[in-house]
Amino acid sequence: MKRSCVLSILVGGVFFVALVSLYRMLERMQLAEQQHSRTPPAGELDMQDFSRFQQKIDRLERLLGDNNRLVATLRDSLLHHRASWEGARGRGGASVNVSSAPGQADALTGCRVEEELMDGVQLLDVYDLLPFDNPDGGAWKQGFEIHYQGNEWEEQPLELILVPHSHNDPGWLKTFDSYYQDQTKHILNNMLIKLSEDSRRKMIWAEISYFSRWWSDLDEQKRAMVKSLIQSGQLEMVTGGWVMADEANSHYFALLDQLIEGHQWIQRHLGVKPRSGWAIDPFGHSPSMTYLLKGAGLNAMVIQRVHYAVKKHLAQQQTLEFLWRQSWDSSSRSDITCHMMPFYSYDVPHTCGPNPAVCCQFDFHRLPGGRVFCPWRKSPQPITENNVKERALLLLDQYRQKSRLFRTPVLLVPLGDDFRFVESSEWDAQFSNYQKLFDYYEQHPELRIKARFGTLTDYFQALQRHLQAAGTTLPTLRGDFFTYADRDDHYWSGYYTSRPFYKGLDRVLESTLRATEILFSLTLAQMRRFHGDGRLAADFPAREHFLRLIDGRRSLALFQHHDAVTGTARDAVVVDYGSRLFHSILDLHQVLQSSAHWLLLLDKSQYHHDQATPFLQTDDVMAAQDALPQKQTLTLSSEPRSLIVFNPTEQRRSVVVSVLVDMPDAHVVDAETRQTILSQISAVWAEPGRASTESFQLSFVADLPPLSLMVYHVTKASVGSAHRSKYTLLRSDGSEPPPVQAEHFQVSLPRGPEADAPLTLRNKHIQIWASSQSGFLQKLRLQSGLVRQVQIQFLWYGTRSGMNRDRSGAYLFLPGEEGAQLYSSAEPPLVRVSRGPVFSDITSCYRHFTHTVRLHHLDGHAGKSLEISNTVDIRSEVNRELVMRLVSDVASGNRFYSDLNGFQMQQRRSLTKLPLQANFYPMSSASFLQDASSRLSLLSAQSQGVASLRQGELEVVLDRRLHQDDNRGLGQGITDNKLTAARFHMLLEDRGGGAKQVGGGSVSHLSLLAHLSSLSLSHPPITMIGPVNHPLLKLRPFMPLGSSLPCDLHLVNLRTLEDPQETGSPSQEVALLLHRKGFDCSSAPEPEPACTWSAQEEVDLLQVFSPLQFRSLRRSGFTLLREDDEQDSAQQQKPHISNLRPMEISAFRAELK
């Protein structure tokens, strides 16, 4: 009853305030109308009157916006109270559940409400708690003095497991091939010999890229020896990925793909499955990676590079071992046991205990007379009968101190470093000397230590055994471990952006690989169905194409290495990586073209594969590994040229497709229906003020069903019949622009006050205003009435100055004390505005970048985002970093959100107690700011660093050029900059019902519209061109799906699996990988997209993929290992009906028919 009264009063208050607000607004409108009635006719207005009138409209607009936000805030407050009351009755537990939000979000069934995190260790709270004061900890400089009584192990002895390892970077200072020839193959050759000499010896290996290369050189006898070592437990494959992947810049598609490639190779050749993860060198750690590992069947992992202050805090709490839980998961399904190394590094001096000067004495590779020595000036000693007691006790002290940081008496101590165990002598020195120490411990049980060589599986089995015996569990932890600092204020936030050209090329290969995988798999299935007996087309080079796919997978996988996609390798190594990416893209284009050719032919007997002159060619041409793609120009005539557009996404979408043609008049029709397609001819600007006379951009609106290949015909049109862009050119200093050469286009050159008026563009959904001085965005208004100031700025960061001071480099971002400086140019920019029926844009031409904001005139939700593109060239600069900043009036406080690997969003807090560089975080694909009434999202096609240093601001680093090494081993700066493209979508959304400010650490998600926009940005349509002077074969569109998949269901991949009997050949099975995305409750897309969504977790895959049919469908682990397949007894009566939970990835072994 009391609640009912409160609710009535609250509703009455809302109604009263809304009524007063509307009355006040109408009064203002009437006054404005009276003033307007006294205004002279438009032709008699001078610029001063026009300006005043514009100000009045702006003021009215702000009043409307204020009123909308006021009503929204009151409504949200009401709905928040209602949700709280209902939630208190019906919802238990913390964290995030699938539920419908009230109010506007009633339409958003299955969405996820922003919720505060309550249970376990929250890393956001840890950051709030820590002083980051870095006092001297003594022997453990970044820690504290560790004490023990000596009787702690009376009941249970210390159980020490020493894990030999060799960290082999697949490229860093040398290329992959050079490292293999010079070091890695010798390590593995010696491993085979030395482990076989003594069954007590053990080792772990992580990088399958190297192991597979070595395996190919082995004879059958040695391969049998390797398998024997694995089966006996002496050699363990850990993680099992193609590389030890970076966890900041890599997208989850690539992370999972390199894991699949590694696991599939291991299963095929070694017959085992990795159980434990080993990530000792990535520069920070992401929970997205742990989710993938858990889904791939791993149950434990080891990590190393975590901020030294966080390590110290967790060590003090004895929480260096924990159950790492996904922030969005209220259950324990995603938990994985994680061991965090406590000290500075993974090398021997920093792994046996807190004192590196002592631990270094037990790195027997550093014995006197060798090439490596201890910097603490105390060398190791060979273990003899005379010194074994003293040596054993000295080492035992370190072991005991280290063990006090953990909750059980089981102690993990790695033994290794980068490219260790190359020489036979090192194997002997390490194993023989440690065995003498272990023998001494065994002979003296009063020391209460049992020591042995072991693997990660040995360690984690012992850990679980002790936990179960004690009847206890490890604490849970949520969050991520970015941004990493290894000492002082040295934050590793520079590598989030280093070598941005190659970060972009990485994503191009990723999207090309995914598109090719899907089309190739569909092609093989269609061929088998067409022939009826499972045969493929005789002339179709299926095996050759499959080998190209494998090479593409492995090139992408190799580049996920933590010194590749990070941009932290030597120049020559970067060229090697780039060449692999480049050649893989070219090879995949062959597979795409050939597959599309067969699928499109109405008469399949006309298919003929000709690698030298393919029937179709992609319109984007890459000339070299370090060059941006260029579009080839189509020669038009009255005979139609075929354009094929492939939509690699699972959603029907309207997109703008652009090609280059050789004349300013062209006509586009749908080849199937003969319907004319809306198009626009734009200039191709050879220089800012000079348009090409040989090439013109033809842009048209394509309606693309999901996974479809659509056919369009382009012909020469009569002169003047095509819609042409209209241009306005301005100079910011008011000076006359240089002579404009654009003879085929209407160009205006405003002068005087007209040139100072704000620039404005609009479509059905958005109106934007931009400065005529800079061309940069200033304000947005949505159709709903929401208005936000959103200014775009460009800035420079320099680096520190002065003698003996560390400076920014490939890894570190160490900005100068002056902070960011607003970009200025001696020469004023040329601002170019284009307007047309398909798109309109504003381009600003500066010395170091060309910046474009574009609105597409598209129906539906596709036109609601603002496209931003920057073409950056800072090759003339010294020690500078270029940044794009958004400055808005979103009341975001000190919080913003950035994505982790394109898989989930993570709340960030900008903390004044941390240096500027510590407040930068990785952004693989998305970031947003929000308040109670609005959200501003920035979606990206490439990874980079992002920060929100002040309320309402969001800045992304575009490129870095740094002329010195930052003393992290690379030995060079990064000065191999390229002309680099950076593409973004910006999205402003109302936040309606369900929006609320959450006090503590919280989980939030992209909106449904942001997910769809990001999908479109990351997976653009692929355009292919039909041949010139070729008889026009009858092509029929290929549309494999009857409708879009549900909006929140993403087809991660449809990956053809290798034939288990015939190496290098495709099988009839595919890996079907689906990701059901979590989306935010506070914003419903209007108008609604064509796809649907539901709160139901149960999904009928036959219905979703209709009319595609499955001959078989079996749920499996993420890496499709046979032993992870659901058994027949576990299969449902209807295996095509499966539970797909929000945020979860699901993997199926399928056979299409």
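Residues numbered from 1 in each chain as written. Predicted model: local features only at pLDDT ≥ 70, side-chain atom pairs only at ≥ 80, totals over all residues. Heavy atoms only, no water.

1. Quick look at the overall build of the chain
Now for step 1: What the chain contains, in helices and strands, is 19 helices and 52 strands.
Now for step 2: In the chain, the proportion of contacts linking residues at least 24 apart, taken out of those at least 6 apart, comes to 75%.
Now for step 3: Accessible area for the chain stands at about 43200 Å²; split by element, carbon and sulfur atoms hold 49% of it. (Helix = DSSP H or I, 4+ residues; strand = E, 2+ residues; numbered from the N terminus. Contact = heavy atoms within 4.5 Å. Areas by Shrake-Rupley, 256 points an atom, 1.4 Å probe, with all protein chains shown as cover.)

2. What about the sheet that holds strand E10 (residues 410–418)?
Now for step 1: Here we have three strands laid out as an open sheet, ordered E10-E3-E11, and parallel in their pairing. The sheet is open, and its two borders are formed by E10 and strand E11 (449–453), each paired with just one other strand. Neighbour to neighbour, the strand axes of the sheet diverge by 20° on average, direction disregarded.
Now for step 2: Alignment of strand E3 (residues 158–167) against E11, held across five bridges, turns out to be parallel. Directly across from Glu159, in E11, lies its bridge partner Lys450.
Now for step 3: This element, helix H12 (residues 424–443), spans E3, E10 and E11 of the sheet and lies at about 155° to E11. (Pairing = 2+ DSSP bridges. Axes fitted to C-alpha atoms, helices over the stretch in contact; angles between N-to-C directions.)

3. Quick look at unusual backbone geometry
Now for step 1: With an omega of 0°, the peptide bond between Phe482 and Thr483 qualifies as cis.
Now for step 2: Position of Thr483 relative to the elements: it lies in the loop between strand E12 (476–478) and strand E13 (485–487).
Now for step 3: The omega angle of the peptide bond from Ser1106 to Pro1107 is 5°, so this bond is cis rather than trans.
Now for step 4: Mapped onto the elements of the fold, Pro1107 is located in the loop between helix H19 (1101–1104) and strand E50 (1110–1116).
Now for step 5: The backbone phi angle of Asn967 is positive, close to 60°, even though this residue is not glycine.
Now for step 6: Relative to the elements of secondary structure, Asn967 occurs in the loop between strand E43 (953–961) and strand E44 (980–990).

4. What about the packing of aromatic side chains?
Now for step 1: Counted by the stated rule, this structure contains 57 aromatic pairs.
Now for step 2: Centre to centre, the rings of Phe176 and Tyr210 are 4.6 Å apart; their planes meet at 5°, and the pair counts as stacked. You can see Phe176 sitting in helix H4 (residues 176–197) and its partner Tyr210 sitting in helix H5 (residues 208–215), a full 34 residues away along the chain.
Now for step 3: Residue classification places Tyr210 among the buried residues on the basis of a relative accessible area of 0%.
Now for step 4: Ring geometry for Phe700 against Tyr712: centres 5.2 Å apart, planes inclined by 55°, an arrangement best described as tilted. Of this pair, Phe700 sits in strand E23 (residues 690–704) while Tyr712 sits in strand E24 (residues 709–716), and the two are 12 residues apart along the sequence.
Now for step 5: In this structure Phe700 comes out as buried when scored by relative accessible area, which is 0%.
Now for step 6: Among the aromatic residues, those joined into a cluster by ring pairs are Phe362, Phe364, Phe421, Trp427, Phe431, Tyr434, Phe438 and Phe453.
Now for step 7: The residue whose ring lies beneath Lys604 is Trp598, and the NZ or CZ to ring-centre distance is 4.2 Å.
Now for step 8: One residue, Arg935, lies across the ring of Phe928, its end atom 3.8 Å from the ring centre. (Phe/Tyr/Trp six-rings, centres within 6.5 Å; stacked < 30°, edge-to-face > 60°. Buried < 20%, exposed > 50% of the residue type's maximum accessible area, 1.4 Å probe, protein only. Lys NZ or Arg CZ within 6 Å of the ring centre and 35° of its normal.)

5. Considerations on the nonpolar core
Now for step 1: With 253 residues, the main nonpolar core has Phe211, Tyr399, Tyr434, Tyr441, Phe481 and Phe1105 as its most contacted residues.
Now for step 2: Ignoring anything within four residues of it in the chain, the contact list for Tyr434 reads Leu162, Phe362, Phe364, Leu395, Tyr399, Leu415 and Phe453.
Now for step 3: If you look at the next biggest cluster of nonpolar residues, it comprises 32 residues, including Met663, Ala666, Leu698 and Ala742. (Core = buried A, V, L, I, M, F, W, Y, C linked by side-chain atoms within 4.5 Å.)

6. Here's the deal with the environment of Val878
Now for step 1: Turning to its location among the elements, Val878 is positioned in the loop between strand E35 (866–872) and strand E36 (880–888).
Now for step 2: A relative accessible area of 53% places Val878 in the exposed class.
Now for step 3: Distance in space between the C-alpha atoms of Val878 and His963 is 6.7 Å, their sequence separation being 85 residues.
Now for step 4: Setting aside residues no more than four positions away along its own chain, Val878 makes contact with Arg961 and His963.

7. A word on the sheet that holds strand E7 (residues 300–303)
Now for step 1: If you walk across this open sheet you meet the six strands as E2-E12-E8-E9-E7-E6, and the pairing is mixed. Both edges of this open sheet fall to strand E2 (121–122) and strand E6 (276–279), since each of them pairs with a single strand only.
Now for step 2: Two strands pair when backbone bridges link them, and E6 and E7 are joined in this way by four bridges, in the parallel orientation. Looking at E7, one finds that Gly277 is bridged to Met301.

8. Points about the state of the cysteines
Now for step 1: Per the counting criterion, the structure on display carries four disulfides.
Now for step 2: Linked covalently through their sulfurs, Cys352 and Cys359 form a disulfide whose S-S length is 1.9 Å. Negative torsions about the S-S bond denote left-handed disulfides, and the value of about -90° found for Cys352 with Cys359 makes this one left-handed.
Now for step 3: For Cys352, a relative accessible area of 3% gives the class buried.
Now for step 4: Look at Cys359 and you get buried, because its relative accessible area is 0%.
Now for step 5: At a sulfur-sulfur separation of 2.0 Å, the disulfide partner of Cys1047 is Cys1091. Between Cys1047 and Cys1091 the sulfur-sulfur dihedral comes to about 100°; the bridge is accordingly right-handed. Here Cys1047 is found in the loop between strand E46 (1022–1025) and strand E47 (1049–1058), whereas its partner Cys1091 is found in the loop between strand E48 (1066–1076) and strand E49 (1098–1100), with 44 residues between them in sequence. In this pair, the class of Cys1047 matches that of Cys1091, namely buried.
Now for step 6: The connectivity of the disulfides in the chain is 1-7, 2-3, 4-5, 6-8, where the numbers refer to bonded cysteines in sequence order. (Disulfide = S-S within 2.5 Å.)

9. Quick word on the side chain of Arg1055
Now for step 1: Inspection of the secondary structure assignment puts Arg1055 in strand E47.
Now for step 2: There is a polar contact of 2.7 Å between the side chain of Arg1055 and the side chain of Glu261.
Now for step 3: For Arg1055, the residues in contact, after removing those within four places along its chain, are Asp257, Ile260, Glu261, Glu517, Ser521, Arg553, Glu1069, Val1070 and Ala1071. (Polar contact = N/O pair within 3.5 Å; in protein donor to acceptor, adjacent residues only side chain to side chain.)

10. Some thoughts on H4
Now for step 1: For H4, built from 22 residues, the straight-helix expectation of 32 Å at 1.5 Å per residue is met to within 8% by its first-to-last C-alpha distance of 29 Å.
Now for step 2: Where H4 bends most, at Asp182, the angle is about 45°. (Expected span 1.5 Å × (residues − 1). Bend = angle between axes of the 7 residues up to and from the residue.)

11. Brief notes about the layout of surface pockets
Now for step 1: Put simply, the second largest pocket is a space of about 1000 Å³.
Now for step 2: Those elements that place two or more of their residues in the lining of the second largest pocket are H4, E10, H12 and E13.
Now for step 3: Among the elements that line the lining of the second largest pocket, the one with the most residues is H12, at three residues.
Now for step 4: Broken down by class, the residue content of the lining of the second largest pocket amounts to 19 nonpolar, seven polar and 15 charged. (1 Å grid on protein atoms, 1.4 Å probe; cavity = no way out; pocket = protein on both sides within 12 Å on 5 of 7 lines; lining within 4 Å. Points joined across faces, edges and corners; volume = space filled by probe spheres on them. Nonpolar A, V, L, I, M, F, W, Y, C, P; charged D, E, K, R; others polar.)

12. Quick word on the packing of helix H7 (residues 252–269) against helix H15 (residues 542–559)
Now for step 1: Between H7 and H15, the shortest axis-to-axis distance is 9 Å and the interhelical angle comes to 120°. As the angle between them shows, H7 and H15 are arranged oblique. In this structure, H7 crosses over H15, and the sense of that crossing is left-handed. Judged by residue contacts, Phe253, Ala254, Asp257, Gln258, Glu261 and Trp265 of H7 engage Ile550, Arg553, Arg554, Leu556 and Ala557 from H15. (Parallel < 35°, antiparallel > 145°, perpendicular 65-115°, else oblique. Left-handed = near helix turned anticlockwise from the far one by under 90°.)

As far as function goes, none of this settles anything; it's purely spatial.
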